[in-house]
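Architecture and fold: a report
Each chain, written out:
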Amino acid sequence: MNILILGSGGRESAFAWKLSQSPKCGQLFIAPGNAGTGQYGTNLNVKVNDFEGIKQAVLINKVDLVLVGPEEPLVKGIHDFFLADEQLKDVPVIGPQREGAQLEGSKDFSKQFMVRNNIPAAASKTFTRDTMQEGFEYLATIGLPIVLKADGLAAGKGVLICLTVVEAQQELIEMLTDAKFGEASSKVVVEQFLQGIELSVFVLSDGNNYKILPSAKDYKRIGEGDTGLNTGGMGSVSPVPFASEEFLQKVEQRIIIPTINGLKQEGIPYKGFIFIGLMNCGGDPYMIEYNCRMGDPETESVIMRIESDLVDLLQGVAEGNLDEKELIISGKVAATVVMVAGGYPGEYLKDKTITGIENVRDSQVFHAGTYLDGENIKTSGGRVLAITSLQDNLFDALQQATADASRIYYDGMYFRKDIGFDLL
Ligand code: AMP
Ligand code: GLY
């Protein structure tokens, strides 16, 4: 079957690498892709939110299945667009319809969903401009620190952790009345702070059955020792050493099963990945957030540990027989080190030539913000490359990924050398 992946990051590179290995994979297309995805398939010059352009690409290239990488086209309804189109309605899309994507697209929707389905999460209330006064009163009652979340998509920047009530009041005013995050902060979820260690669990569902994929932990801060500004993700490891069998059982019973059942009972169709962002609070899992897609750079580590044919699993999602498919997970450990552009996550350098990829010894080099300029590979994005190594144990995986990252060079190059070492 011919497959189209939408997206251009490290996550989509990892998907392309994996799907291209399947005997079931015919032609593979990536839109728009990057310099790396071109090694596994054909890049198409179409943007992920250009639904008409995607339609033409699907028809011209006889695409049989579409895998959506990022959240934006899902929240904007790409799956619904396919279902409503006479020529596209039989082409399966992996990724939920608009309503299911609200689990990520609206923090208020997702919190209400958790409450309705008795899924453990931090106490919270949602406020708008009209209820700001009640918001101030609530801020004074929930303890410190206070978490404020813009309701809508805010490119990963819409969560603020405030250390004082006064700071939280100021931020609430800025979000609600000064549109700090634009339309996304016209509603704000005010939430209790959860103390614990974060991790992510990934689920693939056909709307009825589910498979639990490997768990992962990502590292969001730019600086070593988890300091400095938040980024899209500087590295990841899978599995997560502190996520014991017992803990993961609790995640399945208390979170995954109620989520799948809740979607079914509420009549929300869901074919795709569910990213469950969790806090491990003294051995008990609490929801932080849902995402309606896989994580980046978690996917790079997770994919390396999936031994089964991913095309077969995605077919199971499309056909609604995921329960008949086999998911085999490697017992090895994967670690990913993300190499970023100088200046990132602020204003960053671009168009720098990347050298040394051929010197990498025992890691996969997944491209993110790269493009081909003649023979040269150049940087185009903040996150440039994700270096992932699969080894027998965490220490070896971390060492190998870090050593291989050092073999690559471009002007302004930076990566964290401490990813995962806190878990050893
Ligand atoms: P999100 O954009 O929802 O992924 O949130 C960004 C980050 O904020 C999360 O990855 C957590 O580190 C942190 N966070 C969100 N909600 C809470 C909470 N209730 N308690 C503690 N930390 C949180
Ligand atoms: N790594 C976090 C995310 O993909 O949202």
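Read on for a plain summary of the structure. (Residues numbered from 1 in each chain as written. Chains lettered and ligands numbered in written order. Predicted model: local features only at pLDDT ≥ 70, side-chain atom pairs only at ≥ 80, totals over all residues. Heavy atoms only, no water.)

**Comments concerning the overall build of the chain**
Heads up, the condition is: Helix and strand definitions follow DSSP, with helices as H or I runs of at least four residues and strands as E runs of at least two, each counted in order from the N terminus. Radius of gyration here is computed from C-alpha atoms only, and the compact-globule reference equals 2.2 Å multiplied by the residue count raised to the power 0.38. Working definition: with a 1.4 Å probe on protein chains only, accessible area under 20% of the residue-type maximum means buried, over 50% means exposed, and in between means partly exposed. Contacts: residue pairs with any heavy atoms within 4.5 Å of one another. Accessible surface is estimated by sampling points in the Shrake-Rupley manner with a 1.4 Å probe; for residues, cover comes only from the protein chains shown. Charged-residue counts in this description rest on Lys and Arg as positive and Asp and Glu as negative, His and the chain ends being excluded. The location of each charge is read from NZ of Lys, CZ of Arg, CG of Asp or CD of Glu.
Per the secondary structure count, the chain includes 12 helices and 20 strands. Relative to the 2.2 N^0.38 estimate, which gives 22 Å for 424 residues, the radius of gyration of the chain is 21 Å and therefore close to what a compact globule would have. For the chain, the residues scored as buried account for 57% of the 424 residues in total. Taking the contacts inside the chain whose residues are at least 6 apart along the sequence as the reference set, 69% of them involve residues at least 24 apart. Here the chain has roughly 17,200 Å² of accessible surface; of this, 48% comes from carbon and sulfur atoms. Each charge sign in the chain was given a centre, from 38 positive and 56 negative side chains, and these centres are 1 Å apart.

**So, empty space enclosed by the protein**
The rolling of a water-molecule-sized probe over the atoms marks out the regions of remaining empty space. Note the cut-off: Cavity: a set of points on a 1 Å grid over the protein atoms alone where a 1.4 Å probe fits but cannot get out. Pocket: an open set with protein on both sides within 12 Å along at least five of seven lines, its lining residues, like those of a cavity, having an atom within 4 Å of a point. Grid points are joined across faces, edges and corners, and a volume is the space filled by probe spheres set on the points. Each residue gets one label: Ala, Val, Leu, Ile, Met, Phe, Trp, Tyr, Cys and Pro are nonpolar, Asp, Glu, Lys and Arg are charged, and the others, such as Gly, are polar.
Enumeration over the complete set of coordinates arrives at one cavity of 30 Å³ or more. Its volume calculated, the largest cavity comes out at about 30 Å³. Lys107, Ser110, Lys111, Met114, Lys149, Glu191, Ile288 and Glu289 are the residues that line the largest cavity. Counting only elements with at least two residues in the lining of the largest cavity, the list comes to α6 (107–116) and β15 (284–291). Ranked by the residues each element gives to the lining of the largest cavity, the list is headed by α6, at four residues. Taken together, the residues that form the lining of the largest cavity break down as two nonpolar, one polar and five charged.

**Some thoughts on the layout of surface pockets**
Here the second largest pocket is characterised by a volume of approximately 280 Å³. In this structure, the second largest pocket is lined by Val201, Ile212, Leu213, Pro214, Ser215, Pro239, Glu245, Leu248, Gln249, Glu252, Arg305 and Ile329. With four residues, helix α9 (residues 245–265) is the largest single contributor of residues to the lining of the second largest pocket. The class makeup of the residues in the lining of the second largest pocket is seven nonpolar, two polar and three charged.

**Some words on the sheet that holds strand β9 (residues 187–192)**
What counts is decided by this rule: At least two bridges found by DSSP between two strands are what make those strands a pair. The axes are straight lines fitted to the C-alpha atoms, using for helices just the contacting stretch, and the angles between their N-to-C directions are given from 0 to 180°.
On the basis of which strands lie adjacent, the open sheet formed by four strands has the order β6-β9-β7-β8 and antiparallel pairing. Strands at the two margins of the open sheet, each flanked by one partner only, are β6 (124–128) and β8 (159–162). Sheet twist, expressed as the mean angle between neighbouring strand axes with direction ignored, is 25 degrees. Sitting on the sheet, α6 touches β6, β7 (146–150), β8 and β9, and the angle it makes with β9 is about 45 degrees. Contacts from helix α8 (residues 165–176) reach β6, β7, β8 and β9, with the element oriented near 5 degrees to β7.

**Here's the deal with the site of ligand 2**
The line we're drawing: Near, as used in this document, describes a residue that has one of its heavy atoms within 4 Å of the molecule or strand being considered. For this analysis, a polar contact is any N or O atom pair within 3.5 Å, provided that within protein one partner can donate a hydrogen and the other can accept it, and provided that sequence-adjacent residues contribute only side-chain to side-chain pairs.
Close to ligand 2 lie Asp218, Gly232, Phe275, Asn291, Arg293, Gly295, Asp296, Pro297 and Glu298, which account for all nearby residues. Note that a nitrogen atom of ligand 2 is positioned 3.0 Å from one of the backbone N or O atoms of aspartate 296. Its free accessible area being 200 Å², ligand 2 has 86% of it covered by the protein chains.

**Re the packing of aromatic side chains**
What characterises a pair of aromatic rings is the spacing of the ring centres plus the angle enclosed by the ring planes. Inclusion rule: Pairing of aromatic side chains requires ring centres within 6.5 Å, counting the rings of Phe and Tyr and the six-membered ring of Trp. Pairs whose planes differ by under 30 degrees are stacked, by over 60 edge-to-face, and all others tilted. By definition, being over a ring means that NZ of Lys or CZ of Arg is both within 6 Å of the ring centre and within 35 degrees of the ring normal.
Inspection of the entire model under this criterion finds nine aromatic pairs. Measuring from ring centre to ring centre gives 6.3 Å for phenylalanine 81 and phenylalanine 82, while their planes differ by 65 degrees; the resulting arrangement is edge-to-face. For phenylalanine 82, a relative accessible area of 0% translates into the label buried. Aromatic ring contacts, followed pair by pair, group Phe51, Phe81 and Phe82 into a single cluster. The residue whose ring lies beneath lysine 217 is tyrosine 219, and the NZ or CZ to ring-centre distance is 5.4 Å. Taking the ring centre of phenylalanine 415 as reference, the NZ or CZ of lysine 417 above it sits at 4.7 Å.

**Focus: the pattern of salt bridges**
Applicable threshold: Throughout this description, the term salt bridge denotes a Lys or Arg side-chain nitrogen within 4 Å of a carboxyl oxygen of Asp or Glu.
Summed over all chains, the structure comprises 25 salt bridges. With a closest N to O distance of 2.9 Å, arginine 11 and glutamate 12 form a salt bridge. Pair check on accessibility: arginine 11 and glutamate 12 agree, each one buried. In this structure, lysine 149 engages glutamate 191 in a salt bridge whose closest nitrogen and oxygen atoms are separated by 3.2 Å. Of this pair, lysine 149 sits in strand β7 while glutamate 191 is found in strand β9, placing the two residues 42 residues apart along the sequence.

**Thoughts on the site of ligand 1**
Taken together, 13 residues lie around ligand 1, and Glu191, Gln192, Leu194, Glu198 and Glu289 are the ones closest in. Taking lysine 107, its side chain carries an N or O atom lying 3.0 Å from an oxygen atom of ligand 1. Between a nitrogen atom of ligand 1 and a side-chain N or O atom of lysine 149, the distance comes to 3.0 Å. Taken by itself ligand 1 offers 480 Å² of open surface, and the protein chains cover 87% of this.

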